[in-house]
Each structure stands twice: as structure tokens, then as C-alpha cells.
Amino acid sequence: MPASLSELSGKDVFLVAATLRPETMYGQTNCFVLPQGEYGAYLMNTGEYFVISARAARNFAFQEMTEEFGKYPCAAKVMGRDLIGMPLEAPLTSYKVTYALPMKTISMEKGTGIVTSVPSDAPDDWATLRDLQTKAKLRDDFGVKEEWCVPFAPIEIIEIPEFGKLTAVTLVDQLKIKSQNDKELLKQAKDKAY
């Protein structure tokens, strides 16, 4: 656990990802954080701490999920770069342990700022994971160890007749997407996949 969260040791602490496609949770290989993003640990009315963006914490507070309606005091702050490499237990996936990895395109103004990665069906996730798996310099730039990303293959979960059981992998190959920086091609792939 990062030093900034050490005071929460022994508490229930969760990196909370938002998703519009809950069926994909079976295909999680890792989660992504924004390296330069600022996250906070916010106490929920269940006694659990959610590591999320401040905007997400505000939204939770107005959904009566914090101890006091509309209030969301931050127990600790942590930068995304300090979460990279954190071992995680992701619900529903067949991987016993997954890791927090860097993704440069996360918006702290959408969802929670934490992205659950399902590279079988999300082209951005596959392109980013593949870059981390195949580019040692990129791993070095973010302090990512090979064992946090290389052994994690996409998990087949949904079959789409046109694209098979690994939609994102198929589309990234078909569109000849070279990296996570191919934003226009990734948008086309996402539009087709979703």
C-alpha cells in the first residue's frame, strides 16, 4: 500500500472502478490509473474507504453513500503513479491477483478515475495493456514490472458474430492499431465494439 494510504492499513480499502458494462467484469486483467491523477480515500457509510477521484466522491456523497449527505472528507490523498503496481483482487475474474497499471488517457471528470481493464472487449484497454507488455521502455518510464502485465492475456467473455470472442483484439488487428496513441483508430474500434 502506498505510504500516503498507510494510515488506512487494516481497513477495507477499495480502488473503485465505474463501468457501463458489468457483464465484462469477468474479463478483468488489471485496472488502470492516471499516473498524474490525484485520488483520495473517502470513507463510505459502510465503513469502507473508496480510492476515487474527488468528483466521484462528491457524487457518492449526494447519493447518500457517505456518513453525512453532501459531505465527503478525504482521509488520505494519493497520486496515481503511487498506485501503480499495487496488487489487487478483482471480483469475478479468473486471475487471483491483478495489478494497477498506468493509462495516460483516463479522465478524472468521468466515472471514478479508476478504469477496470477488460482487454478482450475494450480496444483502449487492449492497446494500452499490449503496449505495456511489449515495450520495455514504456514499462521503465512508469516503473512497471514485467510480471504485473506480461502474463495477463485477454479473457474470452462475450462472442460477437462479426468479431469473435476477442472483439478488441480483432478490431485492433483489423484497423492496424500500433499503440494506445492511435486515438482516431481506437475511437473507430470502440464505436464498432460498443
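None of the values given here were measured: they were computed from a predicted structure.

(A) Broad picture of the pairing of strand 7 (residues 98-102). Taken across its five residues, strand 7 has five buried, putting it largely inside the fold. Of the strand pairs in this sheet, strand 2 (residues 30-33) and strand 7 are connected by three bridges, and their pairing is parallel. By the bridge assignment for strand 7, Cys31 is matched with Ala100. Pairing geometry for strand 6 (residues 87-88) and strand 7, over two bridges, is antiparallel. By the bridge assignment, Pro87 is partnered in strand 7 with Tyr99.

(B) Region of the structure containing the packing of helix 3 (residues 123-134) against helix 5 (residues 167-174). Put simply, helix 3 and helix 5 touch, their axes get as near as 8 Å, and they point 75 degrees apart. Considered as vectors, helix 3 and helix 5 are oriented roughly perpendicular to each other. Facing helix 3, whose interface residues are Pro123, Trp126 and Arg130, helix 5 presents Ala168, Val169, Val172 and Asp173. Of the residues contributing to the contact of helix 3 with helix 5, the split by class is five nonpolar, no polar and two charged.

(C) Region of interest: the sheet that holds strand 3 (residues 38-43). Across the sheet, four strands lie side by side as 1-4-3-5; this open sheet has mixed pairing. This sheet does not close on itself; its edge strands, each paired only once, are strand 1 (13-15) and strand 5 (74-79). Ignoring which end each strand starts from, the neighbouring axes of this sheet average 25 degrees apart. Note that strand 3 and strand 5 share five bridges and pair antiparallel. For Tyr42, the partnering residue across the bridge sits in strand 5 and is Cys74.

(D) Representation of unusual backbone geometry in the model. A positive phi angle is found at Glu64, which is not glycine, with a value near 60 degrees. Relative to the helices and strands, Glu64 is located in the loop between helix 1 (54-61) and strand 5. At Leu92, a residue that is not glycine, the phi angle is positive and equals roughly 80 degrees. Considering the arrangement of structural elements, one finds Leu92 in the loop between strand 6 and strand 7.

(E) Structural detail: the sheet that holds strand 6. Read from one edge to the other, the open sheet built from four strands follows the order 6-7-2-8, with strand pairing classed as mixed. With partners counted over all chains shown, the strands left at the sheet margins are strand 6 and strand 8 (114-117), one partner each. Pairing of strand 2 with strand 8 involves four bridges; the strand directions are antiparallel. By the bridge assignment for strand 8, Asn30 is matched with Ser117.

Cut-offs and rules
Residues numbered from 1 in each chain as written. Predicted model: local features only at pLDDT ≥ 70, side-chain atom pairs only at ≥ 80, totals over all residues. Heavy atoms only, no water. Buried < 20%, exposed > 50% of the residue type's maximum accessible area, 1.4 Å probe, protein only. Helix = DSSP H or I, 4+ residues; strand = E, 2+ residues; numbered from the N terminus. Pairing = 2+ DSSP bridges. Axes fitted to C-alpha atoms, helices over the stretch in contact; angles between N-to-C directions. Parallel < 35°, antiparallel > 145°, perpendicular 65-115°, else oblique. Contact = heavy atoms within 4.5 Å. Nonpolar A, V, L, I, M, F, W, Y, C, P; charged D, E, K, R; others polar.

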